[in-house]
Amino acid sequence: MTQIVVVGAGIIGLYTVFELIERGIDPHTITIIAEFFPGDQSIHYASPYAGAYYTPFVDTVDFARYTYERFNEIVAFIGHDRPGITKTPTVEHFAEQIREEEVVDIVRFIPDLKLGRSDILGCKSQASFTGITFNPPLLTASLFERFKTLGVKARRHKLKRLEDVIENSVTAVFNCSGLGAALLADDDKVYPTRGQAVVIRDSTIDKAVAAWTTSSSTYVIPRPFSGTHEVILGGFYQPNVSTPDTFGEDTEDIIDRTSKIYPHLLHKKSRADLEIMRVVVGLRPSREGGARVEQDLTKNVPIYHNYGAGGSGFINGLGMANKCVELYLNNKDT
């Protein structure tokens, strides 16, 4: 009998189901309701198009820390040799000067983090550390398949309002609807942030490199367990832009920027020698003021909102899910 409904099957919704199960909730009482599921492709389904790599340099360090520290538990939960997530050497370059005292909390959970001077134009400092890279299509599919083997139910449905999932047996709803929250939660702070990325094939790239300047965000991310040695080159952050089209000038700009922060990318050859597999566009589910992780007890059935992670869903999402599930458990016990 369904007691808990999770709306949305992106990484935030899947992380939420994972946390519910890990905290002792019977999987047979959980139903995921979504328009799209792992394996689907749509401009309205953000998770498969993510880069994605881990950085602790986010505003919500506590969320990011929780995700990092739960790495082994996620791998063990998935239970096979291609979990879609792995530890990866990472180097990040920043426009601002980062001082040792600013990373004290980060070093507590990433002890090998080192700061230094950046040699990238437009950047002053760099941080190197053992990070995480994600294979979003594989990780989301692995989690979803594991849930189904444990008894979690799934139903494909495009909702017009959250109340439509509330039936007699439902005792709680987790709203992980991403951009859909603009409608389902009547939240006018939700907006899309367009990103375009270039996917190449290169078996020699074994670390993630990123540069954050005042005018651009650039990254090179090897995609683990892809089987085809995929590497993600990006990118763009274009708020309130939702076109699914890809543009040649954006592709050229990405290749130009990534080859400057990672010269090995071209292997001393020309751009024409890059083995481009595809060019993709995704819409990050952004929100003014940041993610919304809170409970709404004004309805007949409590609703727990968990959305608005923007481009940090894979980084912050497990921490967000943990907080959201904590709210549920605390309310359940009162």
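Residues numbered from 1 in each chain as written. Predicted model: local features only at pLDDT ≥ 70, side-chain atom pairs only at ≥ 80, totals over all residues. Heavy atoms only, no water.

An unreviewed UniProt entry lists the protein under the name FAD dependent oxidoreductase domain-containing protein, from Candidozyma auris. Under the heading Sequence similarities (unreviewed entry), UniProt records this for the protein: "Belongs to the DAMOX/DASOX family." In UniProt, the protein has this text filed under Cofactor (unreviewed entry): "FAD". (UniProt positions renumbered as here; feature names shortened; annotations may be inferred.)

A. Highlighting the sheet that holds strand E15 (residues 303-307). Taken together, the 6 strands give an open sheet; going across it, the order is E6-E2-E1-E7-E15-E14, and neighbouring strands pair in mixed fashion. Of all strands in the sheet, those bounded by a partner on one side alone are strand E6 (153-156) and strand E14 (292-296). Looking at each pair of strands side by side, their axes are set apart by 15 degrees on average, direction ignored. One ladder, built from 4 bridges, connects strand E1 (residues 4-7) with strand E2 (residues 30-34); its direction is parallel. Its bridge partner being in E2, Val7 is matched across the sheet by Ile33. Its contacts with the sheet place helix H1 (residues 11-22) against E1, E2, strand E7 (172-175) and E15, and it is angled at close to 175 degrees to E2. (Pairing = 2+ DSSP bridges. Helix = DSSP H or I, 4+ residues; strand = E, 2+ residues; numbered from the N terminus. Axes fitted to C-alpha atoms, helices over the stretch in contact; angles between N-to-C directions. Contact = heavy atoms within 4.5 Å.)

B. Fine view of helix H5 (residues 136-150). For H5, which comprises 15 residues, the first-to-last C-alpha distance of 21 Å matches the rise-based estimate of 21 Å (1.5 Å per residue) to within 8%. Taken residue by residue, H5 has Pro136, Leu138, Leu139, Thr140, Ser142, Leu143, Phe144 and Phe147 as its buried positions. Directly beyond the C-terminal end of H5, a positive phi value near 115 degrees is found at Gly151. (Expected span 1.5 Å × (residues − 1). Buried < 20%, exposed > 50% of the residue type's maximum accessible area, 1.4 Å probe, protein only.)

C. Region of interest: the environment of Val165. As for its position among the elements, Val165 is in the loop between E6 and E7. A relative accessible area of 2% means that Val165 is categorised as buried.

D. The arrangement of the nonpolar core in detail. Counting 58 residues, the largest nonpolar core has Leu139, Phe147 and Phe174 as the members making the most contacts within it. Looking at this core element by element, the count peaks at 9 residues for helix H8 (residues 313-333). Not counting residues up to four positions away in its chain, the partners in contact with Leu139 are Ile11, Tyr15, Ile74, Ile78, Pro83, Gly84, Ile85, Phe134 and Phe314. One finds Val198, Val209, Val220 and Val231 within the second-largest nonpolar core, a separate group that totals 18 residues. (Core = buried A, V, L, I, M, F, W, Y, C linked by side-chain atoms within 4.5 Å.)

E. The state of the cysteines, seen in detail. Within this structure, the stated rule accounts for 0 disulfides. Sulfur of Cys176: no disulfide; nearest cysteine sulfur belongs to Cys324 and is 6.2 Å away. Accessibility expressed as a relative area gives 6% for Cys176, which makes it buried. When its relative accessible area of 0% is taken as the criterion, Cys324 is described as buried. (Disulfide = S-S within 2.5 Å.)

F. Broad picture of the packing of aromatic side chains. Applying the stated criterion to the full structure yields 12 aromatic pairs. Measuring from centroid to centroid gives 5.8 Å for Tyr68 and Phe109, while their planes differ by 65 degrees, and the two rings are edge-to-face. With Tyr68 in helix H2 (residues 61-69) and Phe109 in the loop between helix H4 (104-107) and strand E4 (114-117), this residue pair connects regions lying 41 residues apart in the sequence. Residue classification places Phe109 among the buried residues on the basis of a relative accessible area of 7%. (Phe/Tyr/Trp six-rings, centres within 6.5 Å; stacked < 30°, edge-to-face > 60°.)

G. Layout of the packing of H1 against H5. Where H1 meets H5, the axes come as close as 10 Å, and the angle between the chain directions of the two elements is 40 degrees. Relative to H5, H1 is oriented oblique. Here H1 and H5 pass one another in a crossing that is left-handed. Across from Ile11, Leu14, Tyr15, Val17, Phe18 and Ile21 in H1, the residues of H5 making contact are Leu139, Thr140, Leu143, Phe144, Phe147 and Leu150. (Parallel < 35°, antiparallel > 145°, perpendicular 65-115°, else oblique. Left-handed = near helix turned anticlockwise from the far one by under 90°.)

H. Structural view of the pattern of salt bridges. Under the defined criterion, the tally for this structure stands at 18 salt bridges. Here Asp164 and Arg161 are joined by a salt bridge, their closest N and O atoms 2.8 Å apart. Of the residues examined, Asp164 reaches a relative accessible area of 35% and is grouped as partly exposed. Given a relative accessible area of 48%, Arg161 falls into the partly exposed group. A cluster of three or more residues bridged by salt bridges with shared partners is formed by Glu19, Glu22 and Arg70. (Salt bridge = Lys/Arg side-chain N within 4 Å of Asp/Glu carboxyl O.)

I. Inspection of the side chain of Asn306 at higher detail. Mapped onto the secondary structure, Asn306 falls in strand E15. With a relative accessible area of 0%, Asn306 lands in the buried category. Only 3.1 Å separates the side chain of Asn306 from the side chain of Thr16, close enough to count as a polar contact. If near-sequence neighbours (up to four positions away) are discounted, Asn306 is found in contact with Ile12, Thr16, Asn175, Cys176, Arg292, Val293, Met320, Ala321 and Cys324. (Polar contact = N/O pair within 3.5 Å; in protein donor to acceptor, adjacent residues only side chain to side chain.)

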